[in-house]
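Each chain, written out:
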Amino acid sequence: MDTEDLGLFGPGSVTWKVHEEPILIVAGLRSLYLQALHPRAMAGVAQNSNYRTDAWGRLVRTANYVGTTIYGTTAEAEAAGRRLRTRHARMRATDPVTGEEFRIDEPELLRWVHVTEVESFVSTARRAGLALTDDEVDGYYSEQRRSAALVGLDPDDVPGTAAEVADYYRDVRPQLRMTREAAETAVFLTAPPIPWKLSMPARVGLNLGPPRWAYFGIAATALGMLPPWALRLYGGLGLPTTALSADLSARALRLALAAVPRRYREGPLQQAAKERAARLAAA
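Note that the structure is predicted; figures quoted are calculated from it, not measured.

Rules used in this analysis
Residues numbered from 1 in each chain as written. Predicted model: local features only at pLDDT ≥ 70, side-chain atom pairs only at ≥ 80, totals over all residues. Heavy atoms only, no water. Helix = DSSP H or I, 4+ residues; strand = E, 2+ residues; numbered from the N terminus. Rg over C-alpha atoms; globule rule 2.2 N^0.38 Å. Buried < 20%, exposed > 50% of the residue type's maximum accessible area, 1.4 Å probe, protein only. Contact = heavy atoms within 4.5 Å. Areas by Shrake-Rupley, 256 points an atom, 1.4 Å probe, with all protein chains shown as cover. Lys, Arg positive; Asp, Glu negative; His and termini not counted. Charge placed at Lys NZ, Arg CZ, Asp CG, Glu CD. Expected span 1.5 Å × (residues − 1). Patch = residues over 30% accessible without salt bridge, like charges linked within 9 Å, V, L, I, M, F, W, Y side chains within 5 Å. Salt bridge = Lys/Arg side-chain N within 4 Å of Asp/Glu carboxyl O. Polar contact = N/O pair within 3.5 Å; in protein donor to acceptor, adjacent residues only side chain to side chain.

Peer 1: Residue-level account of the overall build of the chain, with values.
Peer 2: Scanning the chain from terminus to terminus reveals 15 helices and two strands. Its C-alpha atoms give the chain a radius of gyration of 19 Å, within 12% of the compact-globule value 19 Å for 283 residues. Seen through its C-alpha atoms, the chain measures out along the principal axes to roughly 60 × 45 × 35 Å. Across the 283 residues in the chain, those meeting the buried criterion constitute 43%. Put simply, of all contacts in the chain between residues at least 6 apart along the chain, 72% involve residues at least 24 apart. Surface accessibility of the chain: about 14,600 Å² in total, with carbon and sulfur atoms responsible for 59%. Charge-centre separation for the chain: the mean point of 34 positive side chains lies 7 Å from the mean point of 32 negative side chains.

Peer 1: So what's going on with helix H2 (residues 24–35)? Residues and values would help.
Peer 2: Between its first and last C-alpha, H2 extends 16 Å over twelve residues, near the 16 Å set by a 1.5 Å rise per residue. Along H2, the residues classified as buried are Leu-24, Val-26, Ala-27, Leu-29, Arg-30, Ser-31, Tyr-33, Leu-34 and Gln-35.

Peer 1: Requested: an account of a positive patch on the surface, with residues and values cited.
Peer 2: On the surface, Arg-82, Arg-83, Arg-85, Arg-87 and Arg-90 cluster together into a patch of positive charge. Residue position: Arg-87 is located in helix H5 (residues 74–89).

Peer 1: An account of the side chain of Ser-147 is requested, with residue identities and associated values reported.
Peer 2: Relative to the helices and strands, Ser-147 resides in helix H8 (residues 145–150). The exposure class of Ser-147 is buried, given its relative accessible area of 10%. Among the polar contacts made by the side chain of Ser-147, one reaches the side chain of Gln-144 at a distance of 2.9 Å. Excluding anything up to four places from it in sequence, Ser-147 contacts Phe-9 and Thr-69.

And the structure:
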């Protein structure tokens, strides 16, 4: 096993440029708000996940998976993909409308999760101020077909440009709707339990300390950055200036995060990947 290769992407990729951005914490939340609008995908999550009782554990596991695919070696990324495919292959759910049982690794559902995730990553980074050309955005979507293959998708069936992503959203929108599960998930995403070590005692039984208010700001920004059609499905949340306000908030948050020392902003996987790339360049 080659422990010194650059993985699926590498330092010259658009993927590394985008995922260098700590603002992607907002993008991850935005993608979850989007994903909740697909009834079948939402049913698959609700019936196979303990996200309500272990929200932060699930977040950490998801972040580790994404980090491994972006910054791990090729062998590490492929192993992570195999483990994920094995778990998904065992899972079934019941369609809330038809009552039909289905596999959660159906290509349609995997494609929805993949597209909402990568579109959220690149659009959030760009709107927060990362300079990306249109060609780089298309390059990001093309590169991320490698990630799609890890979960079991045929890369040729995954949108590889911004235009193809727009076409995909247009085609899938008739299937999307606000369900009870989507509404409950959105409420949960907006006000999840804060880990007790971060909580502040509240005199009236409410957890409204600094961590809670900081998270509210991130959630509001993520909601505001949803496409207009998604906001309409959520009941027309926001004003005509919502998108502008969200962009300004994202830009301010990106600047604030940039002031944090790099050793605190970068996780172990990212640091190890940069060290590996430096060794390979020196060799």
